Amino acid sequence: MPEITEAELKKQIDQSNFANLYFLYGEEKYLVSHHTERLAGKASGSQFTDFNFQKFEGDETGIDRIAEAVQALPFFAERKCVLVTDPDADAMKTAEMEKWKELVSSLPETTVLIVALVNRNSDEKKGKNWKKFIDLMKKSGNAVRFGKRTGAQLQKLLCSGAQKRGCQLSSRNADRLVGFCGADLTTLLNELEKLCSYVKQGEITAQLIDRLAVKNLEARIFDLSKAVLSGSGDRAYSILDILLEQGEEPVAILAVLSSAYLDLYRVRAAIQSGLSATEPAKYFDYARKEFRLRNAEKDSARYPGGMYRESLKELLSADMDLKSSRGSRRTVLEKLIARLLILAERGNTA
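Residues numbered from 1 in each chain as written. Predicted model: local features only at pLDDT ≥ 70, side-chain atom pairs only at ≥ 80, totals over all residues. Heavy atoms only, no water.

Brief notes about the overall build of the protein chain
Next up, step 1: Looking only at helices and strands, the protein chain has 16 helices and 7 strands in total.
Next up, step 2: Each principal axis of the C-alpha distribution contributes one length, and for the protein chain these read about 80 × 50 × 40 Å.
Next up, step 3: A fraction of 75% describes how many contacts in the protein chain between residues 6 or more apart in sequence connect residues 24 or more apart.
Next up, step 4: Taken as a whole, the protein chain presents about 18200 Å² of accessible surface, with 49% of it coming from carbon and sulfur.
Next up, step 5: Side chains of the protein chain carry 53 positive and 49 negative charges; the gap between the two charge centres is 4 Å. (Helix = DSSP H or I, 4+ residues; strand = E, 2+ residues; numbered from the N terminus. Contact = heavy atoms within 4.5 Å. Areas by Shrake-Rupley, 256 points an atom, 1.4 Å probe, with all protein chains shown as cover. Lys, Arg positive; Asp, Glu negative; His and termini not counted. Charge placed at Lys NZ, Arg CZ, Asp CG, Glu CD.)

See below:
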């Protein structure tokens, strides 16, 4: 069977029109978990759930026990549901894979078997067993892949979620929340719930997001880049101190700081070529991070392109120093901030 869409899965759950086998997987673990719970809850019914619903951790349970549960008849019900979470295809030997093949090809009509990767990732390119396992699930049942949401999809979801909670959130401020918290759906929905609880009824403003939303590492380091570009050395070093005291890795700090400068350089080059600020997204990976280009547009024109090129050279040099362990890692970052501040000041007066 081909993969089905999320909308088709929702329809089957709502109509209790179940297939015998479902395989739920993908990068967006919040959605995998959410739909797994809905599907298992509906398929197992509301009566005698102790008998008609069985759950197994795939990496702790042998295929023989799973097969035994699948073959058992439901107790005073139309069907029973068996849920297997996070089987490890990479660890499966040939004999176990064959047993899975035999099991899913002969499922009883009275059983709904759900196999869900709620925590585990499947690497079809590196793990040859994963491709076999996923192909087997697709061939034998309904497979649903939950990929990461795009920026536009996240905006729509957050605005809709705020409305359901009696609040208003504009697309612009939804984009701002994504910029603060990242694109992880679990994190975003937790932050939205917190903001709605605070507002109760009314608008979730940019000021409220700035004050209450918890920034991820990327957002905090972008604050560092803004402090450097604005010439605020005290603020830049204060942010760096906080990041290091919180145990953030210097290599990770440098990587995100470098990406901020790359955004500015790419946007400036695009605009100078008569293109839009979002043009770089066609050539570089900005999936679910288009907001970075829009944010960079505000600052990119303030400095000449040469300043960004020189800054990127300094970032590359610091990267080599960090990875070759030459000197204190903290000192490498502190010297880098000083050099970037000098370049920004020169660029501002050019």
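A few points about the sheet that holds strand β4 (residues 111-116)
By way of backbone hydrogen bonds, the strands of a sheet pair with one another, either parallel or antiparallel.
Next up, step 1: On the basis of which strands lie adjacent, the open sheet formed by 5 strands has the order β2-β3-β4-β1-β5 and parallel pairing. With partners counted over all chains shown, the strands left at the sheet margins are β2 (53-57) and β5 (142-145), one partner each. The sheet shows a mean angle of 15° between the axes of neighbouring strands, taken without regard to direction.
Next up, step 2: Alignment of strand β1 (residues 21-25) against β4, held across 4 bridges, turns out to be parallel. The residue bridging F23 from the neighbouring strand is V115, located in β4. (Pairing = 2+ DSSP bridges. Axes fitted to C-alpha atoms, helices over the stretch in contact; angles between N-to-C directions.)

Overview of helix α11 (residues 217-229)
Because an α-helix packs 3.6 residues into every turn, residues spaced three or four apart end up facing the same way.
Next up, step 1: The terminal C-alpha atoms of α11 lie 19 Å apart, and with 13 residues this matches the ideal 18 Å at 1.5 Å per residue to within 8%.
Next up, step 2: For α11, a buried count of 11 out of 13 residues is recorded, marking the element as mostly surrounded by other parts of the structure.
Next up, step 3: For α11, the complete set of buried residues consists of E218, A219, R220, I221, F222, D223, L224, S225, A227, V228 and L229. (Expected span 1.5 Å × (residues − 1). Buried < 20%, exposed > 50% of the residue type's maximum accessible area, 1.4 Å probe, protein only.)

Remarks on unusual backbone geometry
Next up, step 1: Phi is positive for S16, which is not a glycine, with a value near 50°.
Next up, step 2: Checked against the element boundaries, S16 lands in the loop between α1 (6-14) and β1.

Overview of the packing of helix α8 (residues 171-181) against helix α9 (residues 185-199)
Next up, step 1: In the contact formed by α8 and α9, the axes pass within 10 Å of each other and the chain directions differ by 120°. Here α8 lies oblique to α9, going by the angle between them. Judged by the twist between their axes, the crossing of α8 over α9 is right-handed. Between α8, through L177, V178 and C181, and α9, the contact on the second element is made entirely by T187, L188, E191 and L195. (Parallel < 35°, antiparallel > 145°, perpendicular 65-115°, else oblique. Left-handed = near helix turned anticlockwise from the far one by under 90°.)

Observations regarding the pairing of strand β3 (residues 80-85)
Next up, step 1: Taking burial as the measure, the 6 residues of β3 include 6 buried ones, the bulk of the element.
Next up, step 2: The side-chain alternation of β3 yields two buried faces, one formed by K80, V82 and V84 and the other by C81, L83 and T85.
Next up, step 3: Of the strand pairs in this sheet, β2 and β3 are connected by 5 bridges, and their pairing is parallel. Bridged to K55 within β3 is L83.
Next up, step 4: One ladder, built from 6 bridges, connects β3 with β4; its direction is parallel. Along β4, the bridge assignment pairs L83 with I114.
Next up, step 5: Regarding the hand of the β-α-β motif, the stretch spanning β3, helix α5 (residues 94-104) and β4 is right-handed. (Right-handed = clockwise from strand over helix to strand, strands pointing away.)

Description of the packing of aromatic side chains
Next up, step 1: Summed over all chains, the structure comprises 4 aromatic pairs.
Next up, step 2: Measuring from ring centre to ring centre gives 5.9 Å for F23 and F133, while their planes differ by 80°; the resulting arrangement is edge-to-face. Within this pair, whereas F23 is found in strand β1, its partner F133 is found in helix α6 (residues 128-140), the two being separated by 110 residues in sequence. Summarising the burial analysis for this pair, F23 and F133 share the class buried. (Phe/Tyr/Trp six-rings, centres within 6.5 Å; stacked < 30°, edge-to-face > 60°.)

Structural notes on the environment of S232
Next up, step 1: Following the sequence through the fold, S232 ends up in the loop between α11 and α12 (233-245).
Next up, step 2: The sequence separation of S232 and I337 amounts to 105 residues, and the corresponding C-alpha distance is 11 Å.
Next up, step 3: Setting aside its immediate chain neighbours within four residues, S232 contacts A227 and L341.

Quick notes on helix α2 (residues 29-43)
Next up, step 1: The first and last C-alpha atoms of α2 sit 21 Å apart over 15 residues, in line with the 21 Å expected at 1.5 Å per residue.
Next up, step 2: Residues of α2 that are buried: K29, L31, V32, H35, T36, L39, A40 and A43. Buried residues of α2, viewed axially, fall in a sector of 155°; they line one side.
Next up, step 3: Of the surrounding secondary structure, the elements contacted by the buried residues of α2 are α1, β1, β2, β3, β4 and α9.
Next up, step 4: After α2 finishes, the residue G45 shows a positive phi value of roughly 75°. (Arc of directions from axis to C-beta.)

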